[in-house]
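Chain by chain, the residues:
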Amino acid sequence: MRIPAGPFSLAVGHVSLSWPAPPVAMAATRYRRFLKLCEEWPVEETKRQRDMGVFLRQRVAQAFREGENTQIADPETCDRMYESLVRIHTNYYKNKYPRLKDTSFTGVTVEDCKMILATDILKQMEDMKKGTWKKLREKFYAKKPEEDSK
């Protein structure tokens with residue numbers, strides 16, 4: 001008797017038999033689920049090189065190098081990771097535990113936090129931290145300060 005390629009159950013009288021899908025079919029399903037999640041996850045342009053959507057896409061590409069044919073070493077961990085990412089993406093805990101106000105103890109709103117955490121603003125703040133001497137050196141020297149110490 002040949003076993004079909006998908007997850008099936010067979011009941012004969014009081015006896016029931018079931019077998020899981022082959023690992024390749026399950027890997028393909030996991031891969032498609034992760035791809036769908038990547039498509040739905042937004043990319044925030046203000047957080048260049050620090051965005052969760054971009055990071056997620058890179059990690060999925062690394063984890064599933066062979067696409068649907070990728071062999072998954074630990075399927076249970078893979079499934080738990082997927083479910084956790086879905087909960088983050090769907091704001092599961094935000095909806096489960098609603099806040100009375102959309103501000104923190106400082107009174108800063110979500111929009112203000114997003115603006116402050118934008119890559120351009122963080123770069124400006126980093127520039128403000130530099131001392132006067134370092135700013136002048138960067139302005140007048142084309143080479144990096146590390147090259148001077150050689």
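Residues numbered from 1 in each chain as written. Predicted model: local features only at pLDDT ≥ 70, side-chain atom pairs only at ≥ 80, totals over all residues. Heavy atoms only, no water.

1. Some details on the side chain of R30
Under the convention used in this document: Numbering of helices and strands runs from the N terminus; a helix is a DSSP stretch of H or I covering at least four residues, while a strand is a stretch of E covering at least two. When accessible area is computed with a 1.4 Å probe and restricted to protein chains, residues below 20% of their type maximum are described as buried, those above 50% as exposed, and intermediate ones as partly exposed.
Within the fold, R30 resides in helix α1 (residues 23–40). With relative accessibility at 10%, the residue R30 sits in the buried group.

2. A look at unusual backbone geometry
The backbone of N91 shows a phi angle near 55 degrees, a positive value even though the residue is not glycine. Tracing the sequence through the fold places N91 in the loop between α3 (75–89) and α4 (92–96). For N91, a relative accessible area of 38% gives the class partly exposed.

3. Focus: helix α2 (residues 52–63)
Rules: In this scheme, a helix's expected span is set at 1.5 Å multiplied by one less than its residue total. Arc, as used here, means the arc of the directions from the helix axis to the C-beta atoms.
Under the 1.5 Å per step criterion, the end-to-end length of α2 is 16 Å for 12 residues, consistent within 8% with the ideal 16 Å. Regarding α2, the residues found buried are G53, L56 and V60. Along the axis of α2, the buried positions cluster into a sector of 60 degrees, meaning they face one direction only.

4. Here's the deal with the nonpolar core
We count it as follows: By nonpolar core is meant a set of buried Ala, Val, Leu, Ile, Met, Phe, Trp, Tyr and Cys residues that side-chain atoms within 4.5 Å join together. Throughout, a residue-residue contact means that at least one pair of heavy atoms, one from each residue, lies within 4.5 Å.
Counting 11 residues, the largest nonpolar core consists of Y31, F34, L37, C38, W41, L56, V60, F64, C78, Y82 and L85. Sorting the residues of this core by element identifies α1, α2 and α3 as the ones contributing at least two each. The biggest single contributor to this core is α1, with 4 residues. In contact with V60, other than residues within four places in its own chain, are F34 and C38.

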